[in-house]
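Structural overview for review
As a plain string of letters, each chain reads:
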Amino acid sequence: MKHGRGQLMKNMKSETLGYIKDMFAQHHMVKRVILSFISIIIMGFGISLFSVSGFGVDPFTSMNMNVASTLGIGFGTYQLIINGLILLYVLIVAHRGLIGVGTMFNMIFCGYSCEFFQSLIQPLAQNHYTLAIRVPLLLIGIITLCFACSLFFTANIGVGPYDALGFMLSRGTKLKYKWVRVITDLTVILIGLVVSGGLSDIFAGNWSTVKNIGIGTIITAFCMGPLVNAFNKNVSSKIFNVDYEKISKDIAFFMIKGAFAKNARPTSVANAEKAIAHSPYGLLK
């Protein structure tokens, strides 16, 4: 028993050192950390615009907002709790390259920054809550959120807990990530609807009473990928000085390949250099 605990502590120490080495092995780490944090604040602002527009939010946020409202707790607090639970699972089974400082930023600050900005914007929008205000809020929210996601992904110092969950489920089930993401998105939407009573409202034909799900949810499901990719190519890759042409245009592959390459345990320095060279992030200037 004592030997087993000792081995467990030794493994945990090794993994912890591995996380630290992974994070600081990249070029321009200070720049990456700062921009990753900024991207999360911008992300919270974009989600708040979605929410205030009344056209629905992304699937994961819709579940968190609906459950938080039903439980009577703040959205930021609930999102922190659920992200923490997801992260616990990811830490147990994930390649450590998926987890980093950015993961912590996403887990802690995204929900609270959304709450903060929503508290500022909501009172202003309520006085003029017409389509002429709501539609621009939705469009600006989409652009803002896609830019923030692009900046966060390209920083490559950890993915969000929900994204990491999708990657690990994809790896475990052997399904393509895009199909796993569809399944998880539909699942979290359904959970939010059931908990908030929205599913009963839909069956009763009371669509107007369904909360946090709408055209904005559909747009994020079908349009975020291409828009984030456009920001990757034209903005984020230039900010981080990444050779975009050597990075897959598939966002899931973009993150997974970098994470797995970082997590490789080469047996020699030559193999280590080879692993870095074949990673998209080995191309950083």
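Residues numbered from 1 in each chain as written. Predicted model: local features only at pLDDT ≥ 70, side-chain atom pairs only at ≥ 80, totals over all residues. Heavy atoms only, no water.

Some words on the overall build of the protein
Heads up, the condition is: Starting at the N terminus, helices and strands are each numbered in turn, a helix being any DSSP run of H or I of at least four residues and a strand any DSSP run of E of at least two. Relative accessibility under 20% of the residue-type maximum defines a buried residue, over 50% an exposed one, and the middle range a partly exposed one, all with a 1.4 Å probe and only protein chains included. Here, two residues are considered to be in contact whenever any of their heavy atoms come within 4.5 Å of each other.
Helix and strand counts for the protein come out as 12 helices and 0 strands. Along the protein, from the amino end to the carboxyl end, the secondary structure elements read α-α-α-α-α-α-α-α-α-α-α-α. Here the protein holds 285 residues, and the buried ones make up 46% of them. Residue pairs at least 24 apart in sequence account for 76% of intrachain contacts in the protein once pairs closer than 6 positions are excluded.

A short note on the environment of Gly-214
Position of Gly-214 relative to the elements: it lies in the loop between α9 (198-203) and α10 (215-239). For the pair Gly-214 and Asp-58, spaced 156 residues apart in sequence, the C-alpha to C-alpha distance is 9.3 Å.

Quick look at the nonpolar core
This is how the line gets drawn: Throughout, nonpolar core names a set of buried Ala, Val, Leu, Ile, Met, Phe, Trp, Tyr and Cys residues whose side chains join them through atoms within 4.5 Å.
Met-43, Ile-47, Leu-145 and Cys-149 are the most contacted members of the largest nonpolar core, which has 23 residues in total. Elements that contribute at least two residues to this core include exactly α2 (29-53), α5 (101-126), α6 (131-155) and α10. Considering every element that reaches this core, the biggest residue donor is α6, with 8 residues. Those residues in contact with Leu-145 that sit more than four places away from it in its chain are Met-43, Gly-46, Ile-47, Phe-50 and Met-224. One finds Phe-60, Ala-68, Tyr-78 and Tyr-162 within the second-largest nonpolar core, a separate group that totals 20 residues.

Overview of the pattern of salt bridges
As a working rule, side chains carrying opposite charge can pair if their charged atoms are close by. What counts, and what does not: Here a salt bridge means any side-chain nitrogen of Lys or Arg lying within 4 Å of a carboxyl oxygen belonging to Asp or Glu.
All chains considered together, the criterion is met by 2 salt bridges. A salt bridge links Asp-163 to Arg-181; its shortest N-O distance comes to 2.7 Å. Linking Asp-163 in helix α7 (residues 161-173) with Arg-181 in helix α8 (residues 177-196), this pair joins segments that are 18 residues apart in sequence. Ionic pairing is found between Asp-185 and Arg-181, a salt bridge with its closest N-O pair at 3.2 Å. Of this pair, Asp-185 and Arg-181 both sit in helix α8, 4 residues apart, roughly one helical turn. When salt bridges with common partners are traced through the structure, they connect Asp-163, Arg-181 and Asp-185 into a single cluster.

Focus on the side chain of Asp-185
Note on Asp-185: relative accessible area 15%, which makes it buried. Once residues within four sequence positions are removed from consideration, Asp-185 is found in contact with Pro-59 and Tyr-162.

Quick look at α2
Spelled out, the test is: A helix is expected to span 1.5 Å multiplied by its residue count minus one.
Compared with the 36 Å implied by 1.5 Å per residue over 25 residues, the 36 Å span of α2 between its first and last C-alpha is a close match. At the C-terminal side of α2, Gly-54 shows a positive phi close to 80°.

Examining the packing of α7 against α8
Note the following rule: Lines fitted to C-alpha atoms define the axes, with helix axes restricted to the stretch in contact, and inter-axis angles between N-to-C directions lie between 0 and 180 degrees. Angles below 35 degrees are treated as roughly parallel, those above 145 as roughly antiparallel, those between 65 and 115 as roughly perpendicular, and all remaining angles as oblique. Left-handed is the label given to a crossing in which the near helix is rotated counterclockwise from the far helix by less than a right angle, and right-handed is the label when the rotation is clockwise. Ten residues, namely Ala, Val, Leu, Ile, Met, Phe, Trp, Tyr, Cys and Pro, are considered nonpolar, four, namely Asp, Glu, Lys and Arg, are considered charged, and the remaining ones, Gly among them, are considered polar.
Two elements in contact, α7 and α8, have axes whose closest approach is 9 Å; the angle formed by their N-to-C orientations is 125°. Considered as vectors, α7 and α8 are oriented oblique to each other. Two packed elements cross with a definite hand, and for α7 against α8 that hand is right-handed. Across the interface between the two elements, Tyr-162, Asp-163, Gly-166, Phe-167, Leu-169, Ser-170 and Thr-173 from α7 touch Tyr-177, Val-180, Arg-181, Thr-184, Asp-185 and Val-188 from α8. Among the residues forming the contact of α7 with α8, the class breakdown is 6 nonpolar, 4 polar and 3 charged.

A few points about the packing of helix α3 (residues 59-71) against helix α4 (residues 75-93)
Remark: α3 packs on α4, axes separated minimally by 9 Å, with the N-to-C direction vectors making an angle of 120°. Between α3 and α4, the crossing angle belongs to the class labelled oblique. Considering the relative orientation of α3 and α4, their crossing is right-handed. Between α3 and α4, the residues in contact are Phe-60, Thr-61, Met-63, Asn-64, Met-65, Val-67, Ala-68 and Leu-71 and Phe-75, Tyr-78, Gln-79, Ile-82, Asn-83 and Ile-86, respectively. Across the contact of α3 with α4, the residue classes break down as 10 nonpolar, 4 polar and no charged.

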